[in-house]
Amino acid sequence: MEDVLPSAVLEICVLVGVSREKANEVHQVVKKKHVKTFPPVEPEVLSVFVPPFISQQELQTTNINNNTFNKAKRRSFRKKKDKSKIENARTLNGAHKVPEYEDVPVPKDVDLNGLPQLCFPGGFYITYESKEDHIHFLVFTDVCGNRTYGVVGQSYQPIQDGHISNGQVHWDTSQTSKTAACFVPFAVCVISRYPYFNALKDCLSCLLVQLKLYKDLDVDDCIKEFAAKLSLIPTPPPGPLHLIFNMKPLQVILPSREDSDSPVIDLNLHLPFLCFKPEQVLQIITCILTERKIVFFSSDWALLTLIAECFMVYLHPIQWQHTFVPILSHKMLDFVMAPTSFLMGCHVDYFEDVSKEADDLILINIDNGDIAQSKSSEEENEIPDIPLQAAEIFVTRVESLQLHYDLELCRLGSCTDLGEIQLRKTNWQQKLNSEIQQIALQLIVDIFREVKDHLNYEHRVFNSEEFIKTRAPGDQPFYRMVLETYMFHSFLKARLNRKMDAFARLEMRTQTEEDRLSSMLDSPRRLTMEKMVSKRYNLQYMISKRMVISLPNLQDIKPTDVPTRNSSLRRIDTHPATRSTSKSVSTFKIPEIHYPLLGHCVSSYYADFINHLSRAINTLPPDNSALLARYFYLRGLISLMQGKLLNALSDFQNLYKTDIRIFPTVLVRRMVENLSPSDHSQADQKPELKRLISLVMDKQREVNKVDDHVKNFELPKTHMQLDDFVKRIQESGIVKDIDTIQRLFDALTVGHQKQIDPETFKDFYKYWKETEAEAQEVNLPPAVIERLDKNECVYKLSCSVKTNKGVGKIAMTQKRLFLLTEGGRPTYEEIAAFRDIEEVKSTTVTFFLLRIPTLKIKAMSKKEVFEANLKTECDLWHLMIKEMWAGKKMADDHKDPQYIQQALTNVLLMDAVVGALQSSSKIIYAASKLSYFDKMKNEVPMMVPKTTAETLKHKINPSAGETLPQAVEVLLYTPGQLDPAERHGDAHPKLWCALDEGKVVVFDASSWTRQHCFKVGSSKLKCMVMAEDSQVWIGSQDSIIYIINTHSMSCNKQLNDHRSEVVDIIVENRDRMFSEAYSCSVDGTVIAWNISTLKVNRRFQLPCETLTSIKFHNNRLWCCIGSCILVVMTNGIIRHKVKMEDCAGDLPMSLLCFQLFPERDQVWASCSGSSELCIWNMTDLSIPSQKINLQDCSEITCMMKVKNQMWVGSRGRSQGKIKGKIYVVDAERKTVEKELVGHTDTVKALCSAEDRYVLSGSGKEEGKIAIWKVE
């Protein structure tokens, strides 16, 4: 366990300075030479304090875990022995040679050899005058990129006639001697794995005050006591709990990370804004994002690290990947000659030397706010500006910040309590830090938001060139440089892995409705009318180019009025309302540590810690699960320190039900591996611990290889067969649907053998992208835009042609055709909406012996036939209009908007095929291969039955954007909430859809737009239920119940008490308040849960091989097991058994689904492979069942009670084909009222939306959801 336990605050503590002998020696030399200044002295490590601070014997007698919190593997550091120790050893042993060095075990990744010069980066000087104590900060990086942090406190002690006794340094501060005192500096360095800069600064400040009081006492003992205390302070787990401990006279706060991916923030994030103007902060961020060689300068060593760390936080979750040494001592200045990117810091006195010696450096003077560049070896080494719109929003928001605490104090009364003064300042700083983090994160999101539009997740491809082309011309230099960096490459990996980090959460939260809609429909990129208007009136867009401002050579950069430039097409809201409010955070006071630090004192401290945590746990309400989880985590950690492994495992097991995100998987696995036989035996007797051990060890056996590669899109260089062509087209981002790509392959290979050469692919790709770019430049007059819907896009414009309505260009949107007439003032002439077209003809007209190809379009609402002399374009436009017409008819008939989007894609592919195959004589025949809907209309008319058309309201596709449709396994409707604290949109009703491999898609049920998409596990999901307003429970094939927080849309809790596939979950409703939930697994286990505490109330085992579903009625559980239904008491006692031989004929058949109809005292059921519904009387189950035979039904798959009807999903036949059918059965008359045919695959799931709508989901051949109106 030694290398996995969470670190304490202190990793190691080091005393650095010079020995008393060395100080006296230097003092005597200076006195003899009668000089006024001391020469520099080489500092050294005087003492090293490494946990544990208790002897091994005491650890064993008190049963304390001897790893303490400081478990890192050790290596030796050779420290020079004190001279007195050597003399004592010679006296005792009579030896002439005694080793002058001793080996001190230190953590393996802490290098103490270079530490002295970093503790005194400006040099070590003895002085005649005492100086003020001061603090500075260090950052160490190992070869793997892991960082360790140091906080150094420097102080001065007077020395006159010092002496050494018993091998220890004694500081004689007596001032009675006539000799002038000199002052010797020393430094105490605390090294930690976490950047607790403010907390450790407070600790060291307290220590330095104490050291001044020690006159003839040994300072080593004082420092050791200090280090021992910090080694017993645990670090808080991520989340809303800060720890407080007493370091007299201060109360020290250890802030927690926001989540496991976020950094610890324990510094003042506004410091850069006090040193630089917002525009300069942006320039520094640009330098970091473009991975330049950066050197910070300051006369204050502390500022160097703090400012550099602030910029690291600003970039989160993007991480600096290169050398990071924020403090260079005077002996380390040669580091700036490194050939690779770096971020370093040194004293401002070395500014001139550094700037002359090294090329291509960005020189940042913190003291005066200057930014300059040393001589450049390359002409094109200028620093581009950050994208303008993102920069403007950043500057506006920064200028609205309140950066001065004195202004906050003006309205507050004076405080006389030191603790209260400290708390006020801390609360103000944390609030300001939170605001700055949000502003910085919004900047990163604004810069990189549209990267996702150019990613192909299936093949892990990023189309960088296409992304850059979509950027504003003035922004492109910035993106070209950033896209080549290691930082951006790591950022891309996280996007392709769909990592839900801070960037992803904010990007999703600020996504526009239009973006959500386009992600659902997966439509080709075009400017909507709304974007066209915003582009027209955006003054920045009117200027096509802006001069890139470069950094001068060693000259000041003053903010200037920069010429405006073309901005990206996306319009970003600059309103500061997106600033998030600070999340509520609790604090926990760590108990006092008693001295001397003996085994029983540490044991007493741990016992107090456990008692404090237990009281906190017992007083917290169950709904505060986030805070409970932190208390359980800490109690588990302290129990582990006590050596009580089973207690620790129990507390860690509670994290599954409170917050799974902070579950320490690796630590628990090591604990399990180190359990003694007796502990293992006790754990096996406790079901929850036995299950925990099983889960943790099973996960260890699962080897999940994460695909971490990222490819940049490249055009193919070899001939492609169909499979390779499909992959290449998907990588290009043109289209994902495999069936469509196969039709495209057929089109491009007309007249050739079935393979595509690189030149044909290149021509096709180039034409597609050129058409896409031209469409972005379409600029319609305001009078025309007013006639179109705001979400309409112009997808195709013809050449200028003569028509019977004048000369102009024919424009095609997703809804209509119109003529953009030419002349002094272009006007809009409606041709036809696609739904109104009656006929489209391609013909010819004679003009001076020439036969000119002409297109004729007849619309229902117009008497006059539209004619256009399209000449060479006529055949293509004829194909395209017929495809759009057929697609629109299909979309209207089937209430499925995806059909029109698919038709649009087909049309644009036709256009690109014609453009790519211009030399071919069969280009129109080739393009016709893509006429999918027109062929369906002509060859196999898809008639929608009248009843279906009248009942069907809408269809949505949860698999939009996927290469293949996925089966809809489970559906759940949750009503809207009226909580005023809800974010807009979150209060709307929602439709939850479970797909394959643990994927869940959530739709806004008021607009049917997709809101969220996430994964829970990787197995098939079997059931979903809303347990309470803020929780949705999802049962999985992997035996786990995942609990989704409906506010954060994240899975923070799991229930792991089942041993096999969870097949059903129901909620008991007592007095309109949910009290218990029942879950069952396929092995017959039924568990009753307390919803608020997530504790198991009862569990029992049914006598069956297979349990498929359960229902609750009249304080009874109705359980479907194989060929019968059991009626069971809530304690597991069986009261009735309904056998299924009646409905199954001679051979017993297994039940597939059943439903209760309590209002009519009925039980409805069906068997696998059967088309019969069996209905029993609930009051007398001995009465034989009634049967309803469903016509043209192959098998009943699901059923749902709605009002006085039973909606039955099935696989059946319609118009001679296998379809997904829904039968609406009247419960009173027991007759089929409606047969609804809305799916091309089996109906797999049904759910009701407040008895007003029924939603049905189909199998993987179609994978869509239909919304039906309930009569």
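Residues numbered from 1 in each chain as written. Predicted model: local features only at pLDDT ≥ 70, side-chain atom pairs only at ≥ 80, totals over all residues. Heavy atoms only, no water.

**Examining the overall build of the protein chain**
Heads up, the rule is: Strands here mean DSSP runs of E at least two residues long; helices mean DSSP runs of H or I at least four residues long; both are numbered from the N terminus. Residue exposure (1.4 Å probe, protein chains only): buried if accessible area is under 20% of the type maximum, exposed if over 50%, otherwise partly exposed. Throughout, a contact is declared for two residues whenever any of their heavy atoms are within 4.5 Å. Computed with the Shrake-Rupley method and a 1.4 Å probe, the accessible areas treat only the protein chains shown as cover for residues.
Counting its regular elements, the protein chain contains 37 helices and 56 strands. Buried residues in the protein chain amount to 56% of all 1271 residues. Restricting the contact set of the protein chain to residue pairs at least 6 apart, pairs at least 24 apart contribute 61%. Approximately 56,000 Å² of the protein chain is accessible, and the part contributed by carbon and sulfur atoms is 49%.

**A closer look at the nonpolar core**
Applied cut-off: The set of buried Ala, Val, Leu, Ile, Met, Phe, Trp, Tyr and Cys residues whose side-chain atoms join them within 4.5 Å is what this entry labels a nonpolar core.
Formed by 211 residues in total, the largest nonpolar core has its most connected members in L230, I288, F296, Y314 and F448. Broken down by element, this core gets its largest block of residues, 13 residues, from helix α9 (residues 301-315). For L230, the residues in contact, after removing those within four places along its chain, are A8, V9, L10, V190, L200, C203, F245 and M247. Listed in part, the 67 residues of the second largest apolar core include C793, L819, W885 and F933.

**Quick word on the environment of P716**
Mapping P716 onto the fold places it in the loop between β20 (711-712) and α28 (722-732). Once the C-alpha coordinates of P716 and P758 are considered, the two residues, 42 residues apart in sequence, prove to be 5.7 Å apart. Setting aside anything within four residues of it in sequence, one finds P716 in contact with R728, P758 and F761.

**Things to note about the state of the cysteines**
We count it as follows: Throughout, a disulfide means two cysteine sulfur atoms within 2.5 Å of one another.
A full pass over the atoms with the stated rule returns zero disulfides. Cysteine C275 remains unbridged, with the sulfur of C310 as its closest cysteine sulfur at 9.0 Å.

**Overview of the environment of E867**
Topologically, E867 is positioned in strand β28 (residues 866-869). In this structure, the C-alpha to C-alpha distance between E867 and L855, residues twelve residues apart in sequence, is 5.6 Å.

**Remarks on the packing of helix α32 (residues 874-894) against helix α33 (residues 898-916)**
To keep things clear, this is the line we draw: Axes, fitted as lines to C-alpha atoms, cover a helix only where it is in contact. Angles between the N-to-C directions of the axes lie from 0 to 180 degrees. By definition in this entry, angles of less than 35 degrees are roughly parallel, angles greater than 145 are roughly antiparallel, angles of 65 to 115 are roughly perpendicular, and the rest are oblique. A crossing counts as left-handed when the near helix is turned anticlockwise from the far one by less than a right angle, and as right-handed when that turn is clockwise. Each residue gets one of three labels, nonpolar for Ala, Val, Leu, Ile, Met, Phe, Trp, Tyr, Cys and Pro, charged for Asp, Glu, Lys and Arg, and polar for the others, Gly among them.
Between α32 and α33, the shortest axis-to-axis distance is 8 Å and the interhelical angle comes to 165°. One way to sum up the angle between α32 and α33 is to call them roughly antiparallel. Every pair of crossing elements has a handedness; the one defined by α32 and α33 is right-handed. Contact residues: L876, L879, M880, E883, M884, G887, K888, M890, A891 and H894 in α32; Y899, I900, A903, L904, N906, V907, M910, D911 and V914 in α33. Among the residues making up the contact of α32 with α33, the classes are represented as 13 nonpolar, three polar and three charged.

**Describing the sheet that holds strand β44 (residues 1124-1129)**
Convention followed: In this scheme, strands are said to pair when DSSP sees at least two bridges between them.
Strand order across the open sheet formed by four strands is β42-β43-β44-β45, with antiparallel pairing between neighbours. On the outer flanks of this sheet lie β42 (1107-1113) and β45 (1134-1139), each paired with one strand and no other. Pairs of neighbouring strands in the sheet enclose a mean axial angle of 20°, with direction left out of account. Across six bridges, β42 lies against strand β43 (residues 1116-1121) in antiparallel orientation. Looking at β43, one finds that H1113 is bridged to R1116.

**Examining the side chain of S614**
Put simply, the rule reads: N or O atoms within 3.5 Å of each other form a polar contact, as long as, within protein, one can give a hydrogen and the other can take it, and as long as residues adjacent in sequence are counted only when both atoms are side-chain atoms.
As for its placement among the helices and strands, S614 is situated in helix α21 (residues 599-619). For S614, a relative accessible area of 18% corresponds to the buried category. Separated by 3.1 Å, the side chains of S614 and R635 make a polar contact.

**Re helix α35 (residues 932-939)**
An α-helix turns once per 3.6 residues; consequently, residues spaced three or four apart project the same way. What counts here: Comment: arc refers to directions from the helix axis out to C-beta atoms.
For α35, the full list of buried residues reads F933, D934 and M936. Buried residues of α35, seen end-on, are gathered within an arc of 160° and therefore sit on one face of the element. Across α35 from its buried face, at more than 90 degrees, point the exposed residues N938 and E939. Lining the buried residues of α35 we find α32 and α33.

**With respect to the pattern of salt bridges**
Quick note on the threshold: A pair is scored as a salt bridge if a Lys or Arg side-chain nitrogen falls within 4 Å of a carboxyl oxygen belonging to Asp or Glu.
Tallied over the full model, the rule gives 49 salt bridges. The residue K856 makes a salt bridge to E867 at a minimum N-O spacing of 3.8 Å. Here K856 is found in strand β27 (residues 850-859), whereas its partner E867 is found in strand β28, with eleven residues between them in sequence. A residue is classified by how much of its surface remains accessible, and K856, at 27% relative accessible area, is partly exposed. Within the structure, one salt-bridge network assembled from shared partners comprises E466, K469, K769 and E772.

**What about the confidence of the model for the protein chain?**
Applied cut-off: Looking at any residue, its pLDDT shows the predictor's confidence there, from 0 to 100.
When pLDDT is averaged along the protein chain, the result is 84, and 85% of the positions lie at 70 or above. This model gives residues 88-98 a pLDDT under 50, and the stretch forms eight contacts once residues within four places in sequence are excluded.

**Concerning the pairing of strand β14 (residues 342-347)**
In terms of burial, β14 is largely enclosed, as six of its six residues are buried. Two elements, strand β13 (residues 323-325) and β14, share three bridges in a ladder whose sense is parallel. Each bridged residue has a counterpart across the sheet, and for F324 the counterpart in β14 is L343.

**Comments concerning the packing of aromatic side chains**
Which entries qualify depends on this criterion: Ring pairs are drawn from Phe, Tyr and Trp, using the six-membered ring of Trp, whenever the two centres fall within 6.5 Å, and their geometry is named by plane angle: stacked under 30 degrees, edge-to-face over 60, tilted for the rest. Here, a charge over a ring means that NZ of Lys or CZ of Arg falls within 6 Å of the ring centre while also lying within 35 degrees of the ring normal.
Summed over the entire model, instances satisfying the criterion amount to 36 aromatic pairs. Between the aromatic rings of Y899 and F933, the centroid separation amounts to 5.6 Å while the plane-to-plane angle is 80°, which identifies the pairing as edge-to-face. Of this pair, Y899 sits in helix α33 while F933 sits in helix α35, and the two are 34 residues apart along the sequence. Measuring from ring centre to ring centre gives 5.8 Å for Y1078 and F1112, while their planes differ by 20°; the resulting arrangement is stacked. Linking Y1078 in strand β39 (residues 1073-1081) with F1112 in strand β42, this pair joins segments that are 34 residues apart in sequence. Overall, Y1078 belongs to the buried group, its relative accessible area being 0%. Over the aromatic face of Y479 sits the side chain of R471, whose NZ or CZ is 5.8 Å from the ring centroid. One Lys or Arg, K1264, reaches over the ring of Y899 and ends 4.5 Å from the middle of that ring.

**A look at the sheet that holds strand β30 (residues 970-974)**
Pairing within the open sheet is antiparallel, and its four strands lie in the order β30-β31-β32-β33. Every interior strand has two partners, whereas the edge strands, β30 and β33 (1009-1015), have only one. Adjacent strand axes in the sheet meet at a mean angle of 20°, parallel and antiparallel pairs treated alike. The sheet contact formed by β30 and strand β31 (residues 990-994) spans five bridges and is antiparallel. The residue of β31 that forms the bridge with T974 is K990.

**Remarks on unusual backbone geometry**
In this chain, K248 is followed by P249 through a cis amide linkage whose omega measures 5°. Following the sequence through the fold, P249 ends up in the loop between β10 (241-247) and β11 (250-254). Across the junction of H316 and P317, the peptide omega takes the value 10°, indicating a cis bond. Here E997, not a glycine, exhibits a phi torsion of approximately 55°, which is positive. Looking at the secondary structure, you find E997 in the loop between β31 and β32 (999-1004). Given the relative accessible area of 53%, E997 is considered exposed. One non-glycine residue with positive phi stands out, namely E1250, at about 55°. Among the secondary structure elements, E1250 is positioned in the loop between β54 (1243-1249) and β55 (1253-1258).

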